[in-house]
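A closer look at the structure
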Amino acid sequence: MSRAPLMPKATAVWLVENTALSFKQIADFCNLHELEIKGIADGDVAAGIKGLDPVTGGQLTRSEIEKGEADPDYRLKVFESKVNIPVQRSTAGPRYTPVSRRGDRPDAIVWLLRYHPELPESAIMKLVGTTKSTIAAIRDRTHWNAANIKPVDPVSLGLCSQLDLDFAVQKAARKAGKPQAPDAEPARTLIPAAEVAGTAAYQAAAAAAEQAAPASDVRDNDKEYDADSVFAKLKTLKRDDDQE
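Presented here is an overview of the structure given in this document. What you are looking at is a predicted structure, and each value in this text was computed from that prediction instead of being measured.

Let's talk about the layout of surface pockets
There is about 320 Å³ of room inside the largest pocket. Around the largest pocket, the lining comprises twelve residues; the ones closest to its centre are A123, K126, F167, A168 and K171. Residue assignment for the lining of the largest pocket shows that the elements contributing at least two residues are α6 (121–128) and α9 (162–176). Looking at the lining of the largest pocket element by element, the count peaks at six residues for α9.

This is how it looks when you write it as structure tokens:
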């Protein structure tokens, strides 16, 4: 199935009224059912829709229509533009906040100013979707509702996620050069597979440790003793004791 044109029903209306294409050809081109095209031709479907010319819209060529009219089995193809139209990306700005939660933003701003004073205004704006003037009014307690504002975690209010908040706090701490607390617990990580008994990695590590045993231990285990050397050593030890 080919890519459908823009406004497929309006395009189908124009093709029914201005061409000799079959219902199946129009249905395949517009990604509609053949019965819908028949209903458009009978006036039962899309009665109030104005036809859209796909030729002037750059979605179909006149030669393509002529090919379809000459061959009922021919499938029309949407004209692909050779000009690469750049996709406009949204610029980074304040986060959109639903209307139902906009009344909670002052509480979240107070919480961020109290418990994370290292956060810059730009980070607070992105987290809760506010403006610099609102932040300044809340900080200076000149906000029109300053008497009723209370600090509330923005994560619990649903204004931002915990990951976004942690990332903003860590980024602000790095910029400020704030050292990590010395008594902070190290981050918990998964136990390596080589330390878990019964796993293939554990067995491979044990075999490697056995192969890496000191060569001196192997020499001591393989050393052979004969009777003459043993008695000679004993005589030497006895002579030393007599001299003492």
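Some remarks on the pattern of salt bridges
Enumeration over the complete set of coordinates arrives at six salt bridges. Residue E36 is joined to K9 by a salt bridge in which the shortest nitrogen-to-oxygen separation is 3.9 Å. Remark: K9 occurs in helix α1 (residues 8–18) and E36 occurs in helix α3 (residues 34–42); sequence separation between them is 27 residues. Judged by relative accessible area, which is 27%, E36 ranks as partly exposed. Between K38 and D42 there is a salt bridge, with the nearest N and O atoms lying 3.2 Å from each other. Taken as a pair, K38 and D42 lie in helix α3 at a separation of four residues, close to a single helical turn.

Structural notes on the nonpolar core
Residues I109, L112, L119, I124, L127, V128 and L165 are the most contacted members of the largest nonpolar core, which totals 22 residues. Of all the elements in the fold, those that place two or more residues in this core are α5 (105–115), α6, α7 (132–139) and α9. Other than its neighbours up to four places away in sequence, I109 contacts I124, V128, T130, T134, I135 and I138. With 17 residues, the next largest nonpolar core counts V13, W14, I40 and V78 among its residues.

So, a positive patch on the surface
Among the surface-exposed residues, K126, K171, R174 and K175 lie close enough to one another that they form a single positively charged patch. Sorting elements by how many residues they give to the positive patch places α9 first, with three residues. Within the secondary structure layout, K171 lies in helix α9.

Structural notes on the packing of α6 against α7
One can describe the packing of α6 onto α7 by two numbers: an axis separation of 10 Å at closest approach and a directional angle of 110°. On the basis of the axis angle, α6 is roughly perpendicular to α7. Contacts from E121, I124 and M125 of α6 reach α7 at K132, I135 and R139. Across the contact of α6 with α7, the residue classes break down as three nonpolar, no polar and three charged.

Conventions and cut-offs
- Residues numbered from 1 in each chain as written.
- Predicted model: local features only at pLDDT ≥ 70, side-chain atom pairs only at ≥ 80, totals over all residues.
- Heavy atoms only, no water.
- 1 Å grid on protein atoms, 1.4 Å probe; cavity = no way out; pocket = protein on both sides within 12 Å on 5 of 7 lines; lining within 4 Å.
- Points joined across faces, edges and corners; volume = space filled by probe spheres on them.
- Helix = DSSP H or I, 4+ residues; strand = E, 2+ residues; numbered from the N terminus.
- Salt bridge = Lys/Arg side-chain N within 4 Å of Asp/Glu carboxyl O.
- Buried < 20%, exposed > 50% of the residue type's maximum accessible area, 1.4 Å probe, protein only.
- Core = buried A, V, L, I, M, F, W, Y, C linked by side-chain atoms within 4.5 Å.
- Contact = heavy atoms within 4.5 Å.
- Patch = residues over 30% accessible without salt bridge, like charges linked within 9 Å, V, L, I, M, F, W, Y side chains within 5 Å.
- Areas by Shrake-Rupley, 256 points an atom, 1.4 Å probe, with all protein chains shown as cover.
- Lys, Arg positive; Asp, Glu negative; His and termini not counted.
- Charge placed at Lys NZ, Arg CZ, Asp CG, Glu CD.
- Axes fitted to C-alpha atoms, helices over the stretch in contact; angles between N-to-C directions.
- Parallel < 35°, antiparallel > 145°, perpendicular 65-115°, else oblique.
- Nonpolar A, V, L, I, M, F, W, Y, C, P; charged D, E, K, R; others polar.

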